Amino acid sequence: MTEDDIRDLFREMRETPVPPDSLVRLRAGLEGRLRRRGWWKAAGWVLAAGALVLATILFRPVAAVPVPARKLIAAGPREAASSQMQAPPAKRHSIRTRRTIQPPKHRPEPMVIEIETQDPDVVIRLIGD
């Protein structure tokens, strides 16, 4: 068949009317297939929502737990109590030694140098110990 024969055949097919019962059968078949596929779409949406909830639960950010600040206790009563208590005399051949708890040493404030630039919004800060 040549291209001209195929064109003539299509023209003849276009001109012949389609029987109405074939359209009804075609539509009924399509509706049946679509109904069978419909539950897959619903199941897909349910699975997508479940995956989203699961991902939200597994990858949620961990909230930082606030740590309460320690209360400072005045050193006066503690010093008085420690001066009244005396350590027992150490044995002559003792292997163990007693350690006294030293208060933390005071750290000086860090040195800060500010350098102003020509731009009034830019300031360079150098912080060191």
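Scroll up to find the structure.
Everything quoted here is computed from the prediction, not taken from an experiment.

1. Some thoughts on the overall build of the protein
1) Next: A count of helices and strands for the protein gives three helices and two strands.
2) Next: The buried share of the protein, taken over its 129 residues, is 1%.
3) Next: A total of about 14400 Å² of accessible surface is found on the protein, and carbon and sulfur atoms cover 62% of it.

2. A word on the pairing of strand 2 (residues 123-128)
1) Next: The sheet contact formed by strand 1 (residues 111-116) and strand 2 spans six bridges and is antiparallel. Counterpart to Glu116 in the pairing with strand 2 is Val123.
2) Next: Here strand 1 folds back onto strand 2 in antiparallel fashion, the turn holding six residues.

3. Here we look at the environment of Glu109
1) Next: Tracing the backbone through its elements, the reader meets Glu109 in the loop between helix 3 (75-84) and strand 1.
2) Next: Distance from Glu109 to Gly128, taken between C-alpha atoms, is 9.2 Å for residues 19 residues apart in sequence.

4. Regarding the pattern of salt bridges
1) Next: For the coordinates displayed, the defined rule picks out four salt bridges.
2) Next: Put simply, Arg11 and Asp8 hold a salt bridge, and the shortest N to O gap is 3.5 Å. Of the two residues, Arg11 and Asp8 are both situated in helix 1 (residues 3-15); the distance of three residues between them amounts to about one turn of the helix.
3) Next: By relative accessible area, which is 42% here, Arg11 ends up partly exposed.
4) Next: The structure contains a network of salt bridges with shared partners spanning Glu3, Asp4 and Arg7.

5. Things to note about a nonpolar patch on the surface
1) Next: A cluster of nonpolar side chains, Met111, Ile113, Ile115, Val122, Ile124 and Leu126, forms an exposed patch at the surface whose accessible area comes to about 490 Å².
2) Next: Counting only elements with at least two residues in the nonpolar patch, the list comes to strand 1 and strand 2.
3) Next: It is strand 1 that contributes the most residues to the nonpolar patch, three residues altogether.
4) Next: With respect to the helices and strands, Met111 occurs in strand 1.
5) Next: The exposure class assigned to Met111 is exposed, which follows from its relative accessible area of 52%.

Parameters and conventions
- Residues numbered from 1 in each chain as written.
- Predicted model: local features only at pLDDT ≥ 70, side-chain atom pairs only at ≥ 80, totals over all residues.
- Heavy atoms only, no water.
- Helix = DSSP H or I, 4+ residues; strand = E, 2+ residues; numbered from the N terminus.
- Buried < 20%, exposed > 50% of the residue type's maximum accessible area, 1.4 Å probe, protein only.
- Areas by Shrake-Rupley, 256 points an atom, 1.4 Å probe, with all protein chains shown as cover.
- Pairing = 2+ DSSP bridges.
- Salt bridge = Lys/Arg side-chain N within 4 Å of Asp/Glu carboxyl O.
- Patch = residues over 30% accessible without salt bridge, like charges linked within 9 Å, V, L, I, M, F, W, Y side chains within 5 Å.

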